[in-house]
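Listed here are the chains, written in short residue letters.
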Amino acid sequence: MCSPYGFTRSPTQEPATLSWSGGGWMVGDRPLPGPPRPADVEELRPLRGLTVEWPAQPVAAALEPVIALAAAGVPLTCPDPPAWVREADPVLAGLAAAWTPEPGDGTPASVADLRREEHSVRLRRHALRAGGVAVSPAPVTVVMATRRPQYVGDALRQMARQRGVDFEVVVALHGFPAARVRSSIEEFPRPVTVVEAAEETPLGTVLNEAAARASTGIVAKWDDDDWYGPEHLSDLLLSMTYSGADLVGTAPEFFYLQPLDVTIRRTDYSSEVWTDHVAGGTILLGRALLEEVGGFGPQDRGEDAHLRRSVEEAGGRIYRTHGLGYVLRRSLSADHTWNLPLAHFLRVATNQWRGFRPSLLLDTP
């Protein structure tokens, strides 16, 4: 099965043509096996994309290999797909028609490359499901610990935007009573459980108390002050399915530096890779594994890193998918459980923009 594993963020070769000839697909003058194998996809990774030249008349054997390439995240374009393709797979045809490769500038900061990756994610979401890689029907429990009542309403509204997944929510109020957020809880359209924890309880312990209330077999961590796209949970479940990983999460790529009103993007964390690090606010894993390894670390700092290490020590594998549907908020260090200054994020930035400038996949209202 082809998957997005090994996706190349910054291509080094110009687009090639994928054409139907003699009963099979050709990339330039080379035959493409049908369906393509992971090794075939690996050879295509450096390309900016493939321009698909479909057969004019319906050919049943032509569609499956193209869906497999899309499932692997290979960027596909076709300005005017023939009518039979639009009828057979209108979503694939529409996505391919909507994207035109643009030249990059040869650096990781290329916005054209960012648009290319966004297109790749949209293609793979559709094609993986069309190709039979279904998101697990098992529901998810989202756990969120918060010390800040002012963020609870926004966090729950972002959870309510999630699509393509069934889930419940456990909110752990860390040092304040439920009465302060009652209206936000009552407005939430899904099942929600509220846990009240003493202010002096370590953050990791609070998260474990929340996870203990889960009624599902999968647990996802949610940070109260970050932003999540509407496909966040379904993307994580999809990556767990095609990778077979025990714990999945996203790359920590987009950051909003609130005191400076600046968005930065870092690209030093690659995506679609096996790893030992994912963004802490995006961890998703099986509840049985979470309990087996002892949960989050019983401390205020590093509770996520403790969990990741415990999973690896137990023989679990960690997979990092794309980070385009997630933005971390960074204000003054006193407001967070980390102590990195804002200057650190400016130093590691690949891109820097004034204002709130997330990836288009965040799909902000």
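Residues numbered from 1 in each chain as written. Predicted model: local features only at pLDDT ≥ 70, side-chain atom pairs only at ≥ 80, totals over all residues. Heavy atoms only, no water.

Caption draft 1: View of helix α9 (residues 232-243). A rise of 1.5 Å per residue sets the reference length of α9, with its twelve residues, at 16 Å; its end C-alpha atoms lie 16 Å apart and thus fit the reference within 8%. For α9, the tally of buried residues reaches eleven of twelve residues, placing the bulk of the element in the interior. For α9, the complete set of buried residues consists of H232, L233, S234, D235, L236, L237, L238, S239, M240, Y242 and S243. Among the residues trailing α9, G244 stands out with phi positive, at a value near 75 degrees. (Helix = DSSP H or I, 4+ residues; strand = E, 2+ residues; numbered from the N terminus. Expected span 1.5 Å × (residues − 1). Buried < 20%, exposed > 50% of the residue type's maximum accessible area, 1.4 Å probe, protein only.)

Caption draft 2: Structural context of the sheet that holds strand β9 (residues 218-221). Ordered by their spatial adjacency, eight strands build an open sheet running β8-β7-β6-β9-β15-β11-β16-β14, and the pairing between neighbours is mixed. Here the strands that pair on one side only, and so sit at the sheet edges, are β8 (192-197) and β14 (273-275). Adjacent strand axes in the sheet meet at a mean angle of 25 degrees when their direction is disregarded. Pairing geometry for β14 and strand β16 (residues 318-321), over three bridges, is antiparallel. In the strand pairing of β16, W274 is matched with Y319. Contacts between helix α11 (residues 303-313) and the sheet are confined to β9, β11 (247-250), β14, β15 (284-286) and β16, with β16 contributing the most and set at about 125 degrees to the helix. (Pairing = 2+ DSSP bridges. Axes fitted to C-alpha atoms, helices over the stretch in contact; angles between N-to-C directions. Contact = heavy atoms within 4.5 Å.)

Caption draft 3: Molecular detail of the pairing of β9. Burial along β9 is two-sided: the face carrying I218 and A220 and the face carrying V219 and K221 are both buried. Relative to β9, strand β6 (residues 140-146) runs parallel, the two sharing four bridges. Among the inter-strand pairings, T141 is bridged to a residue of β9, identified as V219. For β9 and β15, the ladder comprises three bridges, and the chain directions are antiparallel. In the sheet register, A220 faces β15, and the bridge partner there is L284.

Caption draft 4: Representation of the environment of T107. If you trace the backbone, T107 turns up in the loop between α4 (90-98) and α5 (111-130). Sequence separation between T107 and S10 is 97 residues; the distance between their C-alpha atoms is 7.3 Å. Leave out the neighbours within four places in its chain, and T107 touches S10 and D113. A polar side-chain atom of T107 sits 2.8 Å from a polar atom in the side chain of D105. (Polar contact = N/O pair within 3.5 Å; in protein donor to acceptor, adjacent residues only side chain to side chain.)

Caption draft 5: The pairing of strand β4 (residues 50-53), seen in detail. The side-chain alternation of β4 yields one buried face, formed by L50 and V52, and one unburied face, formed by T51 and E53. As paired elements, strand β1 (residues 16-21) and β4 share four bridges and run parallel to each other. By the bridge assignment, L18 is partnered in β4 with V52. Where β4 lies against strand β5 (residues 76-77), two bridges are found, and the strand directions are parallel. Note that in β5 the partner of L50 across the bridge is L76.

Caption draft 6: Fine view of the packing of α5 against α9. Where α5 contacts α9, the two axes come as close as 11 Å, and the packing angle between them is 60 degrees. Here α5 is positioned oblique relative to α9, judged by the angle of their axes. By crossing handedness, the relation of α5 to α9 is classed as left-handed. Across the interface between the two elements, V121, R124, R125, L128 and R129 of α5 pack against S234, D235, L238 and Y242 of α9. Classifying every residue of the contact of α5 with α9 by side-chain character gives four nonpolar, one polar and four charged. (Parallel < 35°, antiparallel > 145°, perpendicular 65-115°, else oblique. Left-handed = near helix turned anticlockwise from the far one by under 90°. Nonpolar A, V, L, I, M, F, W, Y, C, P; charged D, E, K, R; others polar.)

Caption draft 7: Focus on the pattern of salt bridges. If you walk through the whole model with that rule in mind, you get 21 salt bridges. The residue E118 makes a salt bridge to R115 at a minimum N-O spacing of 2.6 Å. Of the two residues, E118 and R115 both sit in helix α5, three residues apart, roughly one turn of that helix. Look at R115 and you get partly exposed, because its relative accessible area is 26%. Salt-bridge contacts for R190 lead to D166; the nearest nitrogen and oxygen are separated by 3.2 Å. Here D166 lies in the loop between α6 (149-160) and β7 (167-174) and R190 lies in the loop between α7 (182-187) and β8, a separation of 24 residues in the sequence. A residue is classified by how much of its surface remains accessible, and R190, at 26% relative accessible area, is partly exposed. Looking at D166, the relative accessible area reads 44%, which means it is partly exposed. Several salt bridges converge on common partners, so that one network encompasses R9, E117, E253 and R265. (Salt bridge = Lys/Arg side-chain N within 4 Å of Asp/Glu carboxyl O.)

Caption draft 8: Inspection of the UniProt feature "domain: Glycosyltransferase 2-like" (unreviewed entry) in the protein chain at higher detail. Taken from the UniProt record, the annotation "domain: Glycosyltransferase 2-like" (unreviewed entry) applies to residues 142-252. Between the first and last C-alpha atoms of residues 142-252 the distance is 19 Å; the span itself is 35% helix and 26% strand. (UniProt positions renumbered as here; feature names shortened; annotations may be inferred.)

Caption draft 9: Expanded view of the packing of α4 against α5. Following both chains from N to C, one finds α4 and α5 inclined at 170 degrees, their axes separated by 10 Å at the closest point. When the interaxial angle is binned, α4 and α5 end up roughly antiparallel. Seen from α4, the contacting residues are V91, L92, L95 and A96; seen from α5, they are H119, R122, L123 and H126. Residue classes in the contact of α4 with α5 are distributed as five nonpolar, two polar and one charged.

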